[in-house]
Number of protein chains: 2
Amino acid sequence: MISIIHANNEIGTIQDIKSIGEICKAKNIIFHVDAVQSFGKILFYPEEYNINLMSIAAHKLYGPKGIGALYISSGTKLEKIITGGYQERNRRAGTENIPAIAGFAKATELAYSTIHAESQREKELRDYMETLILKNIPLVTINGDLNNRLSNVSSLTIDNTMAESILFNLDLRGICISAGSACSSGTLNPSHVLLALGHDTKMAKSSIRVSLGKFNTKEDIDEFVKQLELVVEQERNLSDLY
Amino acid sequence: MISIIHANNEIGTIQDIKSIGEICKAKNIIFHVDAVQSFGKILFYPEEYNINLMSIAAHKLYGPKGIGALYISSGTKLEKIITGGYQERNRRAGTENIPAIAGFAKATELAYSTIHAESQREKELRDYMETLILKNIPLVTINGDLNNRLSNVSSLTIDNTMAESILFNLDLRGICISAGSACSSGTLNPSHVLLALGHDTKMAKSSIRVSLGKFNTKEDIDEFVKQLELVVEQERNLSDLY
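Residues numbered from 1 in each chain as written. Chains lettered and ligands numbered in written order. Predicted model: local features only at pLDDT ≥ 70, side-chain atom pairs only at ≥ 80, totals over all residues. Heavy atoms only, no water.

Turning to the overall build of chain A, a few remarks are in order. For chain A, the helix and strand inventory stands at eight helices and seven strands. Reported as C-alpha extents along the three principal axes, the dimensions of chain A are approximately 65 × 40 × 35 Å. Here chain A holds 242 residues, and the buried ones make up 43% of them. Here the analysis covers contacts within chain A between residues at least 6 apart in sequence; of these, 65% occur between residues at least 24 apart. Only carbon and sulfur atoms are counted for the fraction: they give 55% of the accessible area of chain A, which is about 13,400 Å². Side-chain charges of chain A comprise 25 positive and 28 negative groups, with the mean position of each set lying 6 Å from the other. (Helix = DSSP H or I, 4+ residues; strand = E, 2+ residues; numbered from the N terminus. Buried < 20%, exposed > 50% of the residue type's maximum accessible area, 1.4 Å probe, protein only. Contact = heavy atoms within 4.5 Å. Areas by Shrake-Rupley, 256 points an atom, 1.4 Å probe, with all protein chains shown as cover. Lys, Arg positive; Asp, Glu negative; His and termini not counted. Charge placed at Lys NZ, Arg CZ, Asp CG, Glu CD.)

Pasting the structure below:
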């Protein structure tokens with residue numbers, strides 16, 4: 001079995017799942033795609049790409065939390081991990097969360113209705129943001145594949161800062177960004193994704209992830225970059241003192 | 001390990017978890033209680049009863065669907081079944097459903113604030129219903145332990161009827177009851193609970209479960225018994241024809 005994240009959750013890089021799917025088909029390998037980040041943001045075709053299993057989640061496309069789905073291609077056999085009742089055709093026991101299922105369906109419908117226009121809008125906003133940051137804040141690099149990535153994610157390494165401190169100070173100013181993956185928050189380890197890109201631990205710990213969404217505007221970006229500039233300057237002045 | 005359902009989901013019988021907990025403690029056996037049906041309806045004390053693990057679910061006490069909780073006593077070690085991120089102290093990976101968690105807490109608070117009064121009210125309503133049914137509909141028996149059961153559940157065997165047909169006809173009249181456990185709906189097997197009580201397959205398939213709730217009134221009961229009487233009569237007349 002091959003299991004691939006379609007779009008990386010920290011840096012947004014999009015994997016060529018079509019080519020991987022061809023290899024899987026030729027070699028008769030079960031192919032699982034984690035499409036949680038990409039579903040509803042970029043168009044792709046599980047059947048055409050020879051995908052056997054695909055994981056998606058509602059809260060990534062403005063649907064309710066607590067609901068996801070597993071696409072299972074015809075003929076792919078699964079062993080269940082949650083046993084008990086016969087719900088979901090005996091594949092996953094437990095009372096179904098009908099309101100969340102309905103919400104997920106509606107959220108998907110809404111996301112697909114504007115998928116191209118919204119992706120384009122977010123990409124322009126993100127590119128505007130990165131240009132502004134590179135112009136106004138010294139020693140910043142953008143991580144990952146700059147051409148082949150999700151339109152709403154930006155991973156930035158800001159030399160001579162600590163990401164946790166940047167986050168904390170931006171939070172005080174009403175701005176929420178992250179230091180990487182939510183799955184790793186609470187751990188003190190540097191991002192394995194950034195280490196795999198060749199960053200050392202210090203650089204990885206100086207990296208932030210900025211995610212844009214359908215409710216963000218150009219004014220938000222202007223305000224964010226202004227506050228980021230202040231916070232980074234403050235942080236660097238402090239580190240000069242010690 | 002001993003795993004016991006506190007109150008049976010089909011017939012409402014309450015198990016003596018306090019005594020079982022004493023045995024478990026004396027013999028050093030891990031004790032799990034499925035309290036999904038009883039939590040918020042009857043008072044009990046996991047710590048005092050030597051319970052190591054207890055499962056509960058929000059939707060059984062008017063909270064949101066899709067959220068449950070596992071009580072884990074101090075010192076009880078668990079192997080996780082859902083792996084990945086470090087959420088929930090590394091015990092269950094996946095983005096937490098915060099709105100549902102908050103809703104569950106509020107639902108619990110509300111349930112506990114009226115636990116005695118509401119139990120008593122539902123018990124009186126249930127007893128009134130059963131008296132009315134036994135008086136008006138021939139060949140009905142009540143299943144399970146009549147003294148030691150949840151106040152809101154009634155399991156009835158109605159001779160010479162098919163539960164599925166009763167359900168269907170009541171549904172057409174706007175009344176929702178069930179033929180047993182939701183976990184078994186979709187299967188054609190008779191209830192294992194009723195078989196264990198000594199019912200044969202035919203009797204088990206003539207059994208319905210009626211659950212009352214905080215929104216039910218005496219008028220609902222009167223209407224339900226009236227409709228049930230009509231539906232049972234119709235069903236028995238039909239079975240006489242064939």
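A cluster of nonpolar side chains, namely Leu43, Tyr45 and Tyr112 of chain A, defines an oily patch on the protein surface of about 260 Å² accessible area. One can find Tyr112 of chain A in helix H3 (residues 98-113). (Patch = residues over 30% accessible without salt bridge, like charges linked within 9 Å, V, L, I, M, F, W, Y side chains within 5 Å. Salt bridge = Lys/Arg side-chain N within 4 Å of Asp/Glu carboxyl O.)

To continue, consider the environment of His6 of chain B. Residue and element names in this part refer to chain B. In this fold, His6 is placed in the loop between strand S1 (2-5) and helix H1 (17-27). The exposure class of His6 is buried, given its relative accessible area of 4%. Along the primary structure His6 and Asp34 are separated by 28 residues, whereas in three dimensions their C-alpha atoms are 5.8 Å apart.

In this section: the sheet that holds strand S4 (residues 68-72) of chain B. Residues and elements named next belong to chain B. The strand order S1-S2-S3-S4 describes an open sheet built from four strands, whose pairing is mixed. Only two strands of the sheet have a single neighbouring strand rather than two, namely S1 and S4. The sheet shows a mean angle of 15° between the axes of neighbouring strands, taken without regard to direction. (Pairing = 2+ DSSP bridges. Axes fitted to C-alpha atoms, helices over the stretch in contact; angles between N-to-C directions.)

Residue and element names in this part refer to chain A. The element strand S3 (residues 53-57) is largely enclosed, with a buried count of four among its five residues. Sheet analysis places strand S2 (residues 31-34) next to S3, joined by three bridges and oriented parallel. For His32, the partnering residue across the bridge sits in S3 and is Leu53. Bridge count between S3 and strand S4 (residues 68-72): five bridges; the pairing is antiparallel. Along S4, the bridge assignment pairs Ile56 with Ala69.

To continue, consider the domain arrangement of chain A. All names here are of chain A. Domain assignment breaks chain A into domain 1 (2-113) and domain 2 (116-241). For domain 1 versus domain 2, the separation of C-alpha centres amounts to 28 Å. Taken together, the contact between domain 1 and domain 2 spans 14 residues of the former and 23 residues of the latter. Summing both sides of the interface, domain 1 and domain 2 together bury roughly 1,500 Å²; the carbon and sulfur share of this comes to 57%. When the area that domain 1 buries against domain 2 is broken down by residue, the three leading residues are Glu10, Ile11 and Tyr62, summing to 47%. If you look at where domain 1 meets domain 2, you find zero salt bridges. For the interface between domain 1 and domain 2, the tally reads six residue pairs in polar contact (both at pLDDT 80 or more). Here the residues of the side of domain 1 that touches domain 2 sort into six nonpolar, six polar and two charged. (Domains from an automatic or database assignment. Buried area = accessible area lost by both parts, 1.4 Å probe. Polar contact = N/O pair within 3.5 Å; in protein donor to acceptor, adjacent residues only side chain to side chain. Nonpolar A, V, L, I, M, F, W, Y, C, P; charged D, E, K, R; others polar.)

With that out of the way, let us pick up the sheet that holds strand S6 (residues 153-158) of chain B. All names here are of chain B. With antiparallel pairing, three strands are arranged side by side in an open sheet as S5-S6-S7. At either margin of the open sheet sits one strand with a lone partner, and together these are strand S5 (140-142) and strand S7 (207-211). Shown here is a sheet whose adjacent strand axes are inclined to one another by a mean of 30°, direction ignored. As paired elements, S6 and S7 share five bridges and run antiparallel to each other. Its bridge partner lying in S7, Ser155 is registered against Arg209. In this fold helix H4 (residues 115-136) packs onto S5, S6 and S7, with an angle of close to 10° to the strand it touches most, S6.

This part takes up H4 of chain B. Along an α-helix, residues three or four apart share an orientation, since each turn contains 3.6 residues. Residue and element names in this part refer to chain B. Between its first and last C-alpha atoms H4 spans 31 Å; for 22 residues at 1.5 Å apiece the expected length is 32 Å, and the two agree. For H4, the complete set of buried residues consists of Ile115, Glu118, Ser119, Glu122, Leu125, Arg126, Met129, Glu130, Leu132 and Ile133. Seen along its axis, H4 keeps its buried residues to an arc of 165°; they face one direction. Relative to its buried face, H4 has exposed residues pointing more than 90 degrees away, namely His116, Ala117, Thr131 and Lys135. (Expected span 1.5 Å × (residues − 1). Arc of directions from axis to C-beta.)

Let's shift gears to unusual backbone geometry. Of note in the backbone geometry, Arg89 of chain A takes a positive phi value of approximately 50° without being a glycine. Residue class for Arg89 of chain A comes out exposed when judged on its relative accessible area of 73%. Backbone geometry at Asn28 of chain B places phi at a positive 60°, although glycine is not the residue there. With respect to the secondary-structure elements, Asn28 of chain B resides in the loop between H1 and strand S2 (31-34).

Let's shift gears to the pattern of salt bridges. Inspection of every chain in the model, using the stated rule, returns 16 salt bridges over all chains. The closest approach of N and O atoms between Arg149 of chain A and Glu130 of chain A, which form a salt bridge, is 2.8 Å. Of the two residues, Arg149 of chain A sits in the loop between strand S5 (140-142) and strand S6 (153-158) while Glu130 of chain A sits in helix H4 (residues 115-136), which places them 19 residues apart along the sequence. What makes Glu130 of chain A buried here is its relative accessible area of 5%. Note that Arg92 of chain B is salt-bridged to Glu88 of chain B, the shortest N-O span being 3.9 Å.

Our focus in this paragraph is the side chain of His199 of chain A. Residues and elements named next belong to chain A. By the secondary structure assignment, His199 is in the loop between helix H6 (192-196) and helix H7 (201-204). Within the local environment of His199, its side chain forms a polar contact with the side chain of Asn143, the two groups lying 2.9 Å apart. Engagement of the side chain of His199 in a polar contact is seen with the side chain of Thr157, the distance being 3.0 Å. Sequence-distant contacts of His199, defined by excluding residues within four places in its chain, comprise Asn143, Thr157, Leu194, Ala204 and Ser207.

To continue, consider the environment of Asn143 of chain A. Residue and element names in this part refer to chain A. Note that Asn143 resides in the loop between S5 and S6. Given the relative accessible area of 3%, Asn143 is considered buried. Residues Asn143 and Ser207 lie 64 residues apart in sequence; the distance between their C-alpha atoms is 8.8 Å. Within the structure, Asn143 has its side chain in polar contact with the side chain of Thr157 (distance 2.9 Å).

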